[in-house]
Amino acid sequence: MDKSLKQIAFVIVFLVLFSLIVYTGSLKRYKDSIKNSLDMATKAASLQIDTDPTLISQGVFQIDPARAKQAFITVMALNMGFTEQQISDRLINFSVVNS
């Protein structure tokens, strides 16, 4: 191979590797964004305490499943830039664990 073909091959390889590095970086940022959104939505759901006076007077603090699910969907939609309906449609398994 002559010198000019080697230089062209080097430039092509360089551009391919550079684009892979940029793509990998953008995937990591997107993954971190999803993780942070999930963390915030989970925290919002866990703060939805059942306000039944009977339970509270007995010292029982439980998460209200309906309010928790709605809080999760609302916060997730706000953070990810989707509508609540889009998040709700993709929510496969939501359960509250009161221990």
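Everything below is about the structure shown above.
First things first, this report covers the structure right here in the doc.

Rules behind the numbers
- Position numbers for residues count from 1 along each chain, tracking the sequence in the order it is written.
- For a predicted model such as this one, the threshold for reporting local features is a pLDDT of at least 70, and the threshold for listing and counting side-chain atom pairs is 80 or more; totals across whole chains, interfaces and linings nevertheless cover every residue.
- Side-chain numbers here rest on the full set of heavy atoms in the structure, without hydrogens or water.
- Secondary structure elements follow DSSP: runs of H or I no shorter than four residues count as helices, runs of E no shorter than two count as strands, and numbering proceeds from the N terminus.
- Only protein chains enter the accessibility calculation, which uses a 1.4 Å probe. A residue is then buried if its area is under 20% of the maximum for its type, exposed if over 50%, and partly exposed in between.
- When charges are counted, neither His nor the chain ends are considered; positive counts come from Lys and Arg and negative counts from Asp and Glu.
- Any Lys or Arg side-chain nitrogen found within 4 Å of a carboxyl oxygen on Asp or Glu counts as a salt bridge.
- A contact between two residues is defined here by any heavy atoms of the two lying within 4.5 Å.
- The term nonpolar core refers to a set of buried residues drawn from Ala, Val, Leu, Ile, Met, Phe, Trp, Tyr and Cys, joined through side-chain atoms within 4.5 Å.
- Think of a patch as exposed residues, more than 30% relative accessible area, with no salt bridge, where like charges cluster within 9 Å and nonpolar side chains (Val, Leu, Ile, Met, Phe, Trp, Tyr) cluster within 5 Å.
- Only the protein chains shown count as cover for residues, and all accessible areas are computed by the Shrake-Rupley method using a 1.4 Å probe.
- Multiplying 1.5 Å by the helix residue count minus one yields the expected span of that helix.
- Each axis is a line fitted through C-alpha atoms, and for a helix only the stretch in contact is used; angles between axes span 0 to 180 degrees, taken between their N-to-C directions.
- Just so you know how the angles are binned, under 35 degrees is roughly parallel, over 145 roughly antiparallel, 65 to 115 roughly perpendicular, and the rest oblique.
- Left-handed describes a crossing whose near helix is turned anticlockwise from the far helix through less than a right angle; right-handed describes the clockwise counterpart.

### What to know about the side chain of Asp-64
Of note, Asp-64 is situated in the loop between helix H2 (53-57) and helix H3 (65-80). Buried charge Asp-64 goes without a salt bridge, the closest partner of opposite sign being Arg-67 at 4.2 Å. For Asp-64, the contacting residues outside a window of four places in its chain are Gln-48, Ile-49 and Asp-50.

### A look at the nonpolar core
Judged by nonpolar contacts, Ala-41, Ala-45, Ile-63, Ala-68, Phe-72, Ile-73, Met-76, Ala-77, Met-80 and Ile-87 together constitute the single largest core of 10 residues. Counting only elements with at least two residues in this core, the list comes to helix H1 (3-46) and H3. It is H3 that contributes the most residues to this core, 6 residues altogether. Contacts of Ile-63, omitting those with residues within four sequence positions, involve Ala-45, Ser-46, Gln-48, Ile-49, Asp-50, Ala-68, Val-96 and Asn-98.

### Some details on a nonpolar patch on the surface
The grouping of Leu-5, Ile-8, Ile-12, Val-13, Val-16, Leu-17 and Leu-20 at the surface amounts to a nonpolar patch, some 630 Å² of accessible area in total. Summarising the element assignment, Ile-8 is placed in helix H1.

### Quick look at H1
Taking 1.5 Å of rise per residue, the 44 residues of H1 would be expected to cover 64 Å, and the 65 Å separating its terminal C-alpha atoms lies within 8% of that figure. Where H1 is concerned, the buried positions are Ser-37, Ala-41, Ala-44 and Ala-45.

### Points about the side chain of Ser-37
Locating Ser-37 in the fold gives a position in helix H1. The class for Ser-37 is buried, based on a relative accessible area of 3%. The residues touching Ser-37, leaving out its near neighbours within four places in the chain, are Met-76, Asn-79 and Met-80.

### Things to note about the packing of H1 against H3
Between H1 and H3, the shortest axis-to-axis distance is 8 Å and the interhelical angle comes to 150 degrees. Compared by their axis directions, H1 and H3 come out roughly antiparallel. The two elements H1 and H3 cross, and the hand of that crossing is right-handed. Residues Tyr-30, Ser-33, Ile-34, Ser-37, Leu-38, Met-40, Ala-41, Thr-42, Ala-44 and Ala-45 of H1 form the contact with H3, whose own contacting residues are Ala-68, Ala-71, Phe-72, Val-75, Met-76, Asn-79 and Met-80.

### Structural notes on the pattern of salt bridges
Going through the model one piece at a time under the given rule, you end up with 2 salt bridges. Here Asp-32 makes a salt bridge to Lys-28, at a shortest N to O gap of 3.1 Å. Within this pair, Asp-32 and its partner Lys-28 are both found in helix H1, separated by 4 residues, close to a single helical turn. Take Lys-28: its relative accessible area is 49%, and that puts it in the partly exposed class. A salt bridge links Asp-39 to Lys-35, with the nearest nitrogen and oxygen atoms 3.1 Å apart. Highlighted residues: Asp-39 and Lys-35, both in helix H1, separated by 4 residues, approximately one helical turn. The exposure class assigned to Asp-39 is partly exposed, which follows from its relative accessible area of 40%.

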